[in-house]
Amino acid sequence: MSFLASDDFGRSAGTRAAPVDTLAPSTHEGEPAVLSSPTPDQVRSLAPDPGAARAGEGLGARRHWSGTGRNDRAAWGLCHGSGSNPYQVTVDFGGPAFKCTCPSRKFPCKHGLGLLFLIAGDPSAVPVGGDPPSWAAEWLTTRSARTEAAETRARAVAEAPPEVVAAAAAEADAAREKRIRAREKKVDAGLVDLDRWLQDLVRRGLLAAKSEGYGFWDQAGARLVDAQAASLGRELRNLGAAVNRGTGWADGALERAARIHLIAEAYRRQETLPPGLRTDVRALVGWTIKEDDLPAGGDVIDRWLAVGRTVTSDERLTTARTWLVGETTGRCALHLAFGAGGGNPVPVAMAGSSFRGPLRFYPSASPLRAVVGDGPLDPGGSIDRLPGGLTIDAAASAFASILARNPFVTVWPTILADVTPVGRDGELLLRDAAGSAVRVTPAAIGARLVALAGGRPVAAFGLWSGRSIRILSALAEGRLIDLGTDIGGDEDELEIEPVPARGDGEDAAAGSNGVDASAAWGRLVSAALLGTERGVPPAVGLPASVAAVAERPTEIRLLATAAIVAASRRAGWRPEPDAGEPPEPAPPDPRPAVRPAAAWLLRRALDERQELVPEWLELARPRDRRPPDDELPRLLALAARHQETRMGLAPLIGPRARWLVDQIPSLAAGLGQSPEVDPSVAGAAWATQSSAVGRAAIVAELRRRDPAAARALLDEVWDTATTEERALAIGALDRGLGPADEPLLTQAWSDARIEVRAAAIDALARIPGSAFVRLAENVGRPLLTQTGRFRPTIAAEPPAAWSDDLARLGVPRKPPQGTGERAWWLRHIVARVDPANWERWLGGDAKGLIERGGRSDEAEALILGWFEAADRYRDARWSAALLGDRDLLRRADVQELDPFRLLDHLAPDDRDKTAAALIGVADAEIAREVASHCPAPWAPLVAWAVTTAIARSGGSAIWVPQPVRDLARLAARRAPANALEELDRVLGDVGRLSGNAGLTDILDLIRFRQQLAAAFDAEAPR
């Protein structure tokens, strides 16, 4: 039994999937039958959405299952979920079809997928042999009965008397002809309306139409749908999208409008067209051919290589396009699979695999779409070569020949042989041995291809548009690499793109049909922008075969001429030679790449969970293996934005990443290299930076190498720097502050903007003996005294009046409503005095002084001031003392300060012990605030405290409280790998009554991290 689509999925029962792997028993002479297993990719392709796939993978472990078994037809098992009884799960391999007692509305649900993931990852966990339990046997029997009933009906039809069959067929044909005639009338009426609409559009001009909203285009498209010309309606909506694009929109809009006119005109003249082209035109309008109506015979039998896959979706339908190439015939084919209502289509094969069998092609002037024909499908193994590769010039010529047969083609599958990806002036090109080049789209795919090839020739498969190619896969190092499947939206958006105004290899003389396309197109676009109301369309010399176009009405003449010129431009495009030299190949990297399981998890993390990429990098580092070459661009781009990723990637950077940055300089920031700044030209380097952050980075690099040069640079640019630049530059001096920095910081201390003064005050406070420190001590020391012999307390005397000294210290003058003015000043003065001074001035340690301050008449001002001072001066002793007083931490005024940031100033061991103690007595909301100050991975003590807090806080039968979910989400990200299993168990208990409401994504995150750990456990250190 192979994985075949089934109506149990809500999908077309006629779609067949190639058995890349099968679950059928295989036997060898003298040996018992052996069941093979599906691959994880096969199982993943069955999921209705990514969330279900992730949840199913999480259930692919033995601990979730009991009572499992399988035979040559089905698998079954009991999955322990949130309910009191385990779910009964059955999978019929013949569909595959699924049955589960859970309430999920997804098909298949995560439990059915989990059973298949269990078989894929650990076949021994599901024993072979034996009879299924009664609940599974009953469902399987019912399915068998339905199948037998359908076969019986088919036999009854086949065995009916010929005259009965003929009469029924004649009656069906007559009804069908009647429906077709009625629809033809509706389509004809819709095309008449379309003609009027297009003429009005051209009369007004595209520039006027650009101001229309999307409703204008959608309404026109909906009228065509009502006229049963749905495909043409979709073309018209795409015209609206083209009008609302950015640069070059006018070229694309005119080309689409002309294409729509050409389709409508060809449909009216379909009887004069060759049979294949007539079928193409009818399909472009909206007529379809059912798979069952395809004529039998003529199937092409070959080993079909799955060389690419794209997935597009809208609110109604998800479409998977699988691109196939015949190994012997070299013929290209396109297989479509559909998923309605958000369901995931079942592809005929996964990219990189193959199968041997027959394909039946739909009729066309350029046959491409195909379905699996009658006959067996046999697994063909992986792909190690691509047949029939072309040079870039030959690919352009082949595309011109296809357009000559079918002018409606917008892209064509093409294999390019021995092409080298190169970066040129911000664009990514493919360059062949003859020096011809073609642009690669999109740029992200091009960057992955450059990294994969490493400056060496590869074979590449993509969709050729007549002036660029969208790469879907490449053959490198003896294997096919899939370079992207999900497009999102309508793939047709990729097909028509404006030709740049410059030549770009365009034939300046004439297109393939003799039209001077290069000269004519610009004049046509200008006329279409203004509209025929404002000018007469330009006269374009056309071949005699289409000269009658000149006699048509003005608007129709413009559209028809544009259609001819657009086809001529596409067919006449020829690649220009690449003027540059091919790049030197990347130096070899002695480290092996990570294994496929770890590489796949990295791709998933980059796609869905970028916060886990640093953990992947940390796990990879001790294994001495390199990341997948084709993912280097995405890793470098992410590292440029996130410091944690940049630090994790730095130890794994190899020669290919450095070579890649030379090819694509925009990725340089991901290497984590500080800008090299020559102190003698620091001012020029400052001037070349366009952002305050970039200029601060220059100051930080100078500070590291030459502190005096950093100060000299700030002296030079201070008068012209903005407020943000000054504040960030002062912050960049944080390293190694000393007396030599005081003059510059004193100047900043006097700045007119409070942001600059605040940055200067924080820096001056950390220079012992600075003028700021002396002023703070002089102002603050007289304000506090110790009184009381038997029960000492601190007497505070706030300033009686505002003074210039308070202003110099940066004390805010106006207190918030409800706070006394003098107490407000006292708090901020205390916040600017090094708290260690009070131990000398008042006698006693930090803990004792805090206790005495709590008995003061100005207790609130003192305590809040000490919290801020401990943070400003990064004092570990005072931080520990303040965090150790739980009565203080419960105060609302203290909680507003985020007091737990004082944990950042403790030594790691002290921080973890203090945090665990605080979490142990806190509610979930406070526990999360405390735990957020403990960096990942948490110490076991912190992880245990957080897990216990989650279990203690619990949840209701309806919903898990938001604070508990927030704490659980943080734990799922930061808990060490060896604490994840216990966290998973506790969350399962907490969410059991509520059906894991709000916890599903958190559990998925935990299981993803468990998969990461398992994948790298298999990667033994070298």
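Visitor: Would you mind going over the overall build of the chain with me for this structure?
Guide: Tallying secondary structure elements over the chain gives 40 helices and 20 strands in all. Among the 1022 residues that make up the chain, the fraction classed as buried is 51%. Taking all contacts inside the chain whose residues are at least 6 apart in sequence as the whole, residues at least 24 apart take part in 67%. A total of about 45,300 Å² of accessible surface is found on the chain, and carbon and sulfur atoms cover 53% of it.

Visitor: Explain the environment of Arg196 to me, please; I cannot follow it from the model alone.
Guide: In this structure, Arg196 sits in helix α5 (residues 162–204). Classification of Arg196 by relative accessible area gives exposed; the value is 52%. Residues Arg196 and Ile556 lie 360 residues apart in sequence; the distance between their C-alpha atoms is 10.0 Å.

Visitor: Sorry if this is basic, but what is going on with the packing of aromatic side chains here?
Guide: Working definition: an aromatic ring pair is given by the centre-to-centre distance plus the angle between the planes. Tallying each qualifying case throughout the model produces 10 aromatic pairs. With a centroid separation of 5.7 Å and an interplanar angle of 75°, the aromatic rings of Trp197 and Trp217 are classed as edge-to-face. Placement of Trp197 in helix α5 and of Trp217 in helix α7 (residues 214–226) is noted, with a sequence separation of 20 residues between them. A relative accessible area of 11% places Trp197 in the buried class. For Trp217, a relative accessible area of 1% corresponds to the buried category.

Visitor: Just to check I follow, could you spell out the nonpolar core for this structure?
Guide: Side chains of nonpolar character tend, in soluble globular proteins, to be buried together. Counting 147 residues, the largest nonpolar core has Trp866, Trp938 and Ile950 as the members making the most contacts within it. Not counting residues up to four positions away in its chain, the partners in contact with Ile950 are Val964, Leu967, Ala968, Ala971, Leu983, Val986, Leu987 and Val990. Grouped together as the second largest cluster of nonpolar side chains are 48 residues, Leu198, Ala229, Leu559 and Ala562 included.

Visitor: Looking at this structure, I do not really get the environment of Ala55. What am I missing?
Guide: Within the fold, Ala55 resides in helix α2 (residues 50–58). Between the C-alpha atom of Ala55 and that of Asp1004, which follows or precedes it by 949 residues, the distance is 5.9 Å. Discounting chain neighbours no more than four positions away, the residues touching Ala55 are Lys110 and Asp1004.

Visitor: How should the sheet that holds strand β3 (residues 65–70) be read in this particular structure?
Guide: Within a sheet, adjacent strands bond to each other through the backbone by hydrogen bonds, running parallel or antiparallel. Overall, antiparallel pairing links the four strands, which are arranged β3-β4-β5-β6 in an open sheet. The open sheet has two edge strands, β3 and β6 (97–100), and neither has a second partner. Averaged over all pairs of adjacent strands, the angle between their axes in this sheet comes to 10°, without regard to strand direction. In this structure, strand β4 (residues 74–79) lies alongside strand β5 (residues 87–92), joined through six bridges in antiparallel fashion. Paired with Ala75 across the strands is Val91, a residue of β5.

Visitor: Would you explain the state of the cysteines in this entry?
Guide: A covalent bond between the sulfur atoms of two cysteines is referred to as a disulfide. This structure, assessed with the given rule, holds zero disulfides. Looking at the unpaired Cys100, the closest cysteine sulfur is the one in Cys102, lying at 3.6 Å. Residue class for Cys100 comes out buried when judged on its relative accessible area of 18%.

Visitor: How should I be thinking about the packing of helix α17 (residues 632–641) against helix α19 (residues 655–663) in this particular structure?
Guide: Any two packed helices are characterised by how steeply their axes cross, that is the angle between the axes, and by the distance between the axes. Axis separation between α17 and α19 bottoms out at 11 Å; the angle between their running directions is 75°. Considering their axes alone, α17 and α19 lie roughly perpendicular with respect to each other. In contact with Leu632, Pro633 and Leu636 of α17, α19 contributes Arg656, Ala657, Leu660 and Val661. A breakdown of the residues in the contact of α17 with α19 according to their chemical character gives six nonpolar, no polar and one charged.

Visitor: Looking at this structure, I do not really get helix α11 (residues 392–405). What am I missing?
Guide: In an α-helix, one turn spans 3.6 residues, which is why side chains three or four residues apart end up on the same side. A rise of 1.5 Å per residue sets the reference length of α11, with its 14 residues, at 20 Å; its end C-alpha atoms lie 20 Å apart and thus fit the reference within 8%. Buried residues of α11: Ile392, Ala395, Ala396, Phe399, Ala400, Ile402 and Leu403, and no others. End-on, the buried residues of α11 take up no more than an arc of 160°, which puts them together on one face. The elements touched by buried residues of α11 are β13 (412–424), β14 (427–432), β15 (437–441), β16 (458–464) and α14 (554–572).

Visitor: Would you take a moment to explain the pairing of β16 for this structure?
Guide: Side-chain direction in a regular strand flips from residue to residue, so the side chains alternate between the two faces of the sheet. A large share of β16 lies buried, amounting to seven of its seven residues. Looking at chain direction, β13 and β16 are connected through six bridges and run antiparallel. Its bridge partner lying in β16, Ile415 is registered against Phe461. Hairpin connection between β16 and strand β17 (residues 468–476): a loop of three residues separates the two successive antiparallel strands, and Gly466 in this loop has a positive phi of roughly 100°.

Visitor: Looking at this model, I keep getting lost on the pattern of salt bridges. Mind explaining?
Guide: Pairing between side chains of opposite charge can happen when their charged atoms approach one another. Tallied over the entire structure, the rule returns 59 salt bridges. Asp299 is the salt-bridge partner of Arg360, the closest N and O atoms lying 2.9 Å from each other. Highlighted residues: Arg360 in strand β10 (residues 354–361) and Asp299 in the loop between α10 (275–285) and β7 (300–313), separated in sequence by 61 residues. Among the salt bridges present, the one from Arg877 reaches Glu839, with a minimum N-O distance of 2.9 Å. Of the two residues, Arg877 sits in helix α32 (residues 876–884) while Glu839 sits in helix α29 (residues 836–842), which places them 38 residues apart along the sequence.

Visitor: Could you clarify how one ought to interpret unusual backbone geometry in this entry?
Guide: The general pattern is negative phi for most residues beyond glycine and trans for most peptide bonds. Here Thr441 and Pro442 are connected by a cis peptide whose omega angle stands at -15°. For Pro442, the position within the fold is in the loop between β15 and α12 (443–453). Backbone torsion omega between Ala936 and Pro937 reads -10°, so that peptide bond is classified as cis. Examined against the element boundaries, Pro937 turns out to sit in the loop between α36 (924–931) and α37 (940–953). Located in the positive-phi region is Gln228, a residue other than glycine, with phi close to 60°. Tracing the sequence through the fold places Gln228 in the loop between α7 and α8 (230–243). We classify Gln228 as partly exposed; its relative accessible area is 32%. With phi around 50°, Asp418 is a residue other than glycine that occupies positive phi space. Secondary-structure assignment places Asp418 in strand β13. Exposure remark for Asp418: the relative accessible area of 53% places this residue in the exposed category.

Visitor: Would you take a moment to explain the packing of helix α16 (residues 613–620) against helix α40 (residues 1000–1017) for this structure?
Guide: Two elements in contact, α16 and α40, have axes whose closest approach is 10 Å; the angle formed by their N-to-C orientations is 20°. In terms of their interaxial angle, α16 and α40 are classed as roughly parallel. Two packed elements cross with a definite hand, and for α16 against α40 that hand is right-handed. In this structure, α16 contributes Glu615, Trp616, Leu619 and Ala620 to the contact, and α40 contributes Arg1009, Leu1012, Ala1013 and Phe1016. Here the residues of the contact of α16 with α40 sort into six nonpolar, no polar and two charged.

Visitor: Explanation requested: the side chain of Glu615 in the structure shown.
Guide: Inspection of the secondary structure puts Glu615 in helix α16. If near-sequence neighbours (up to four positions away) are discounted, Glu615 is found in contact with Arg973, Arg1009 and Leu1012.

Visitor: Just to check I follow, could you spell out the side chain of Arg832 for this structure?
Guide: Tracing the sequence through the fold places Arg832 in the loop between α28 (821–830) and α29. One buried charged residue, Arg832, remains without a salt bridge, the closest side chain of opposite sign being Glu868 at 5.4 Å. For Arg832, the side chain forms a polar contact with the main-chain oxygen of His828, separated by 3.0 Å. Aside from chain neighbours lying at most four places away, what touches Arg832 is Phe772, Ala776, Leu809, Gly810, Val811, Pro812, Arg872 and Tyr873.

Visitor: How should I be thinking about helix α15 (residues 596–608) in this particular structure?
Guide: Across its 13 residues, α15 extends 18 Å between first and last C-alpha, which sits within 8% of the 18 Å expected from 1.5 Å per residue. Residues Ala598, Ala599, Leu601, Leu602, Arg604, Ala605 and Leu606 constitute the buried set of α15. Residues of α15 that are buried sit in contact with α2, α16, α17 and α40.

Thresholds applied
- Counting restarts for each chain: residues are numbered from 1 in the order of the written sequence.
- This being a predicted model, a pLDDT of at least 70 is required before a residue's local features are given, and a value of 80 or more before pairs of side-chain atoms are given or counted; all residues contribute to the totals for chains, interfaces and linings.
- Side-chain measures were taken over the full set of non-hydrogen atoms in the model, leaving aside hydrogen atoms and water.
- Under the DSSP-based scheme used, a helix requires at least four consecutive residues in state H or I and a strand at least two consecutive residues in state E, with every element numbered from the N terminus.
- Burial here depends on accessible area, computed with a 1.4 Å probe over protein chains only, as a share of the maximum for the residue type. Under 20% is buried, over 50% is exposed, and the range in between is partly exposed.
- When checking whether two residues touch, look at their non-hydrogen atoms; a contact exists if any pair is within 4.5 Å.
- Each accessible area is a Shrake-Rupley result for a 1.4 Å probe, and residues are judged covered by the shown protein chains and nothing else.
- Centre distance within 6.5 Å is the pairing criterion for rings of Phe, Tyr and Trp, where only the six-membered ring of Trp is used; planes under 30 degrees apart are then read as stacked, over 60 as edge-to-face, and the remainder as tilted.
- By nonpolar core we mean a set of buried residues, namely Ala, Val, Leu, Ile, Met, Phe, Trp, Tyr and Cys, connected to one another through side-chain atoms within 4.5 Å.
- Strands qualify as paired when DSSP identifies two bridges or more between them.
- Axis definition: a line fit to C-alpha positions, over the contact stretch in the case of helices; interaxial angles, taken between N-to-C directions, run 0 to 180 degrees.
- Disulfides are defined as cysteine sulfur pairs within 2.5 Å.
- Our angle categories are set so that under 35 degrees counts as roughly parallel, over 145 as roughly antiparallel, 65 to 115 as roughly perpendicular, and the remainder as oblique.
- We call Asp, Glu, Lys and Arg charged. Ala, Val, Leu, Ile, Met, Phe, Trp, Tyr, Cys and Pro are nonpolar, and the rest, Gly among them, are polar.
- Working rule for helices: expected span equals 1.5 Å times residues minus one.
- Here, the arc refers to the directions that run from the helix axis to the C-beta atoms.
- Whenever Lys or Arg places a side-chain nitrogen within 4 Å of a carboxyl oxygen from Asp or Glu, that contact is recorded as a salt bridge.
- Working rule for handedness: look at the near helix, and if it is turned counterclockwise from the far one by less than a right angle, call the crossing left-handed; if clockwise, right-handed.
- In this tally, Asp and Glu contribute negative charge and Lys and Arg positive charge; neither His nor the terminal groups of the chain are included.
- Contacts described as polar in this section are N or O atom pairs within 3.5 Å, which, within protein, must combine one atom able to donate a hydrogen with one able to accept it, while residues neighboring in sequence count only if both atoms come from side chains.

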